[in-house]
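# What the coordinates show
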Amino acid sequence: MIEHAPIDKNIVVKAGAGTGKTFSMISRISFICHQASNANILDVKNEIAMLTFTTEAATNMKSRLKQAFMNYFVLTRNKKYLNMISGIENMRISTIHSFSNLVIKDTSLSLGIGVDFSTVSGSYNKQKIFDQYFNEYLKKKNEEEPIFFGSIPGSIYDFRKLLLQFADMLYNKGYDIKDATEDVFGKPIVEMPYMKEIIQEVIIETEKTYSDFLSENNSVNLSEYMLYLNKCVNDESFNKNLYQYKYIFIDEFQDVDDSQIEAFLAMQRKLNFKFFIVGDLKQSIYRFRGATMDAFNKMGCDGNEWQEYTLNINYRTDMRLLGKFSKLFNYMGEKKLIPYNEKKDKLIGAISNQLISVNELIEEYTYSKEEEIDIIYKMLFEKIKQRKVEIELNPNFTKLSVSEKTVAILVRTNYQISKILRQAKNQDDVFVESDSNGDLYRIQPSIDLCKLTAALSNPRNPIYLFDLLLSNNINIKFPVEKLINMEENEKLDYLIKCLNEFYQSVLNMCWNELVFEVQSKPVLMVLRKIYEASKPWKTYSSDETKQQYYRTNYDLIFEDLSKEGKYSYLTLESINESLHILINTGSEKTSRSVTDDGDYVRIVCTTVHKSKGLEYDTVIMPFTTDSIDKMRRNGLDITYVGGKVGYCFSVNGEAITNEYFYTNDEIKEIEMEESRILYVALTRAINKFVWFNKIDSSGNTWGKLLEEI
Ligand SMILES: Nc1ncnc2c1ncn2[C@@H]1O[C@H](COP(=O)(O)OP(=O)(O)OP(=O)(O)O)[C@@H](O)[C@H]1O
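Residues numbered from 1 in each chain as written. Predicted model: local features only at pLDDT ≥ 70, side-chain atom pairs only at ≥ 80, totals over all residues. Heavy atoms only, no water.

### With respect to the overall build of the chain
Cut-off, in case you're wondering: Runs of H or I in DSSP of at least four residues are treated as helices and runs of E of at least two as strands, each being numbered from the N terminus. Both definitions apply: the radius of gyration is a C-alpha atom measure, and the globule rule equals 2.2 Å times residues to the power 0.38. A 1.4 Å probe rolled over the protein chains alone gives each residue an accessible area, and that area as a share of the maximum for its type sets the label: buried under 20%, exposed over 50%, partly exposed in between. Here, residues are in contact when the closest pair of their heavy atoms is within 4.5 Å. We get accessible surface area from the Shrake-Rupley algorithm with a probe of 1.4 Å; when it comes to residues, only the shown protein chains can shield them. Here the positive residues are Lys and Arg and the negative ones are Asp and Glu; neither His nor the chain ends is included. Here the site of a charge means atom NZ of a Lys, CZ of an Arg, CG of an Asp or CD of a Glu.
Tallying secondary structure elements over the chain gives 26 helices and 19 strands in all. Relative to a compact globule of 709 residues, whose C-alpha radius of gyration would be 27 Å, the chain shows 28 Å and is just as compact. Counting only C-alpha atoms and orienting by the principal axes, one finds that the chain spans roughly 80 × 75 × 60 Å. Residue burial in the chain is summarised as follows: out of 709 residues, 51% are buried. In the chain, of all internal contacts separated by at least 6 residues, the share reaching a separation of at least 24 is 78%. When the accessible surface of the chain is split by element, carbon and sulfur atoms take 50% of a total near 33100 Å². Across the chain, the centroid of the 87 positively charged side chains sits 5 Å from that of the 99 negatively charged ones.

Printed below as a string of structure tokens:
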């Protein structure tokens, strides 16, 4: 029905999880292409754009569209579908950011930036500027009142970190702090009377100087993209003839922020295309990035130019499991924690897996305060192993999709992922991946390469040599205890002797020769040679899947480094420095999972946020005891409502706020968002849901909500 909707209206599809929203976009595009191909009226490449939030979603969308046309071709043998498949390759299916990038480029000259501007997302230069202003301010204040440092909440180090986030958090809400006037921040607050000064003299000045720095270097910061897009579209030099869009599709619309909505609407006014947007407010979990529960209203979806559709049939989750979930969704709806009205929003199941009995659909593992935390891990890995075997024993195993062969451990934070990964390392027969978690620079291959380059750059520094010897790069038993009573130079000799021994055996070279070679020959080539000879993946693990994971990601880092080499001259030092920065700043790049066409059961551990849009055979939630109705213990929260900026500094559970920050409202918002996050987590499950409940925990938690199931 949706796919055949009138083409002269904007279409909005608001529907719950797993009801085929994404699927409906694919069908709609196929339908338009189909109709157009008969009448020859559509230039797919220029007239349709499809926008997503992540590169993964864009890639996924492209391959799903191609698959749809391939199916048509197989059914009809009509060659026009093959042409359409190649048309899709050129179709604009991209993230909102890369779409904006193109539009900004088209109008950039009149905004004072060159067409070939580069995008920066790092904050190194901004930090340098910030530190300069911040240090000047601290110096001035300290001269005025010597106890000034004592009045700062928490440590200077933490305070600095929070101040650095201030402007970016506002950009996320579509507000440009550079334009702010003093009254936007309210009256000075008693506990931090200096805060208004800091905002003006440090934060805003940093942003202004940084903005000048960027324009001098012909660059745009990624966090300001939407502000630029808005400026472009509203600029009189915006050339509408450059665009022929007739349809713009937007997936996961609940995640857009106000500045994106403004830009979309401004574009539509100028270009006159039609929207097709899909989303689910119950899955709105990006408030920190500026998403609001008003997204559809702000877009004007209740107007006459819009046609609204809802979907209720869920094609993902076992209908019996859905029945159990709906009890909880109903409860959360009644408590106004999620926008759920049983009549309108109840998901109707379409599938049922006869291999699982009703009693096994949900498993709750209980433990008490007295029991060691280890018990969670013990039960968790036991459960994973058991489910893995059950999936493998499915008579239709080879026909299952990758999702149907995946068990997912869903958690709230990256810190929880690292806790689980640490425990998983000790498991012989469970390999937990944490893909799609931007973890490339947190995993062992990166750390090992960094240790190798650090030692090669500092070939006579015992600290780096020691680190190298203990890493996976070196596959010999290194008797650390021998170093204990040695003098400094003795230590150095001993470390080099050990390295000589190892590199002689695998490369027929001693340490000094290796250092010379890496300084005199192309660096990537030599690093590659060392890697191939020393085989760090073998030291890393004896498990073949783990070894393959290590190698795949080592290759990925090399690909990344080689790309960088296209733009600047690579040296050992520059590689070491980049690795250090990438590792220490927790740079987000997704590691590559080892997929050999998925003929095995994958275990992934990821955050609920990263799991959105995906589905898994089993969802396991091991941690359900965090409060969902408290401000964070530490950190900064910012609101931007009605032209006023509210801010709240939390230090060890104590919150300091300005007059525009409404703590009670914020806590309610937090509780509602955490409930929506829980909704997303549960609805990823295809067949089974497993959770851990600390029976004697108190307070408002996911666990308490889950008890309603
Ligand atoms: N009409 C349909 N017939 C059969 N299967 C369908 C249909 N629509 C969707 N599906 C399948 O149901 C699952 C969920 O579909 P899809 O991802 O499009 O849902 P969604 O509404 O975007 O979900 P979510 O909001 O939870 O991400 C997918 O496995 C998809 O292939």
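Alright, that's what it looks like, and here's the rest.
### Structural notes on the domain arrangement of the chain
Convention followed: In this entry, domain limits derive from an automatic or database-based domain assignment.
Annotation of the chain at the domain level lists domain 1 (2–109 + 225–311), domain 2 (124–217), domain 3 (358–434 + 600–706) and domain 4 (440–585). The straight-line distance from the C-alpha centre of domain 2 to that of domain 4 is 40 Å.

### A word on the UniProt feature "binding site: ATP" (unreviewed entry) in the chain
The criterion, for reference: UniProt positions are given in the numbering used here, feature names are shortened, and annotations may be inferred rather than shown by experiment.
Per the UniProt entry, the sites bearing "binding site: ATP" (unreviewed entry) are Ala 15, Gly 16, Ala 17, Gly 18, Thr 19, Gly 20, Lys 21 and Thr 22 in this numbering. Of note, Gly 18 is situated in the loop between strand E1 (10–14) and helix H1 (21–39). Given a relative accessible area of 13%, Gly 18 falls into the buried group. The residues touching Gly 18, leaving out its near neighbours within four places in the chain, are Ile 313, Asn 314, Tyr 315 and Arg 316. Its place among the elements puts Thr 22 in helix H1. Not counting the four nearest positions on each side in its chain, Thr 22 is found in contact with Met 61, Arg 64 and Asp 251.

### Here we look at the nonpolar core
Put simply, the rule is: Nonpolar cores are built from buried Ala, Val, Leu, Ile, Met, Phe, Trp, Tyr and Cys residues. Side-chain atoms within 4.5 Å join them into one set.
Within the largest apolar cluster, 49 residues are counted, with the highest numbers of intra-cluster contacts made by Leu 452, Leu 456, Tyr 503 and Trp 511. Going through the elements one at a time, helix H16 (444–457), helix H17 (462–469), helix H18 (488–507), helix H19 (511–520), helix H20 (523–534), helix H22 (544–567) and helix H23 (572–584) are the ones with two or more residues in this core. Among the elements that take part in this core, H18 stands out by supplying 9 residues, more than any other. Residue contacts for Trp 511: discarding those within four places in its chain leaves Ala 455, Leu 456, Pro 459, Leu 465, Leu 468, Ile 496, Leu 499, Asn 500 and Tyr 503. Grouped together as the second largest cluster of nonpolar side chains are 37 residues, Leu 328, Ile 628, Ala 681 and Trp 702 included.

### With respect to the sheet that holds strand E14 (residues 602–607)
Adjacent strands of a sheet form backbone hydrogen bonds with each other and so pair up, either parallel or antiparallel. Our working definition: For two strands to be treated as a pair, DSSP must find no fewer than two bridges joining them. Helix axes are fitted only over the stretch in contact, all axes being lines through C-alpha atoms; the angle between N-to-C directions runs from 0 to 180 degrees.
Pairing in this open sheet of 6 strands is parallel, and the strands run E11-E19-E15-E12-E14-E13 from one edge to the other. Each having just a single partner strand, strand E11 (362–367) and strand E13 (432–433) make up the two edges of the open sheet. Strand direction decides the pairing type here: strand E12 (residues 406–411) and E14, joined by 6 bridges, are parallel. For Thr 406, the partnering residue across the bridge sits in E14 and is Arg 602. Strands E12, E13 and E14 of the sheet are contacted by helix H15 (residues 414–425), whose axis makes an angle of about 150 degrees with E14.

### Regarding the site of the ligand
Here is the rule we go by: If a single non-hydrogen atom of a residue is within 4 Å of a molecule or strand, that residue counts as near it. Polar contacts, as counted here, are pairs of nitrogen or oxygen atoms within 3.5 Å of one another; within protein the pair requires one atom able to donate a hydrogen and one able to accept it, and residues that are adjacent in sequence qualify only if both atoms are side-chain atoms. The residue classification treats Ala, Val, Leu, Ile, Met, Phe, Trp, Tyr, Cys and Pro as nonpolar and Asp, Glu, Lys and Arg as charged. All others, Gly included, are polar.
In the neighbourhood of the ligand, 15 residues make up the surrounding shell, with Lys 21, Thr 22, Arg 316, Glu 615 and Arg 684 lying closest. One of the side-chain nitrogen or oxygen atoms of Gln 283 is found 3.0 Å away from an oxygen atom of the ligand. If you list the elements that add at least two residues to the shell around the ligand, you get H1 and strand E9 (313–318). In terms of residue count, H1 provides more of the shell around the ligand than any other element does, 3 residues in total. For the shell around the ligand, the class distribution of residues is 3 nonpolar, 7 polar and 5 charged. Structurally, the shell around the ligand is a two-domain feature, drawing no fewer than three residues from each of domain 1 (2–109 + 225–311) and domain 3 (358–434 + 600–706).

### Overview of the side chain of Ser 368
Here Ser 368 is to be found in the loop between E11 and helix H14 (374–392). Beyond its immediate stretch of four places on either side in the chain, Ser 368 contacts Ile 695 and Asp 696.

### Details of the sheet that holds strand E2 (residues 48–52)
Taken together, 6 strands build an open sheet; the order of strands is E3-E2-E6-E7-E1-E8 and the sheet is parallel. Both edges of this open sheet fall to strand E3 (92–95) and strand E8 (306–309), since each of them pairs with a single strand only. Direction aside, neighbouring strands of the sheet carry axes that sit 15 degrees apart on average. When E2 meets E3, the two strands line up parallel, connected through 4 bridges.

### Quick look at the packing of H16 against H17
Defined as follows: Left-handed describes a crossing whose near helix is turned anticlockwise from the far helix through less than a right angle; right-handed describes the clockwise counterpart.
It is at 8 Å that the axes of H16 and H17 come closest, and there the two elements cross at 145 degrees. Between H16 and H17 lies a crossing whose hand is left-handed. In this structure, H16 contributes Lys 451, Leu 452, Ala 454 and Ala 455 to the contact, and H17 contributes Tyr 464, Leu 465, Asp 467 and Leu 468. Here the contact of H16 with H17 is built from residues that sort into 6 nonpolar, no polar and 2 charged.

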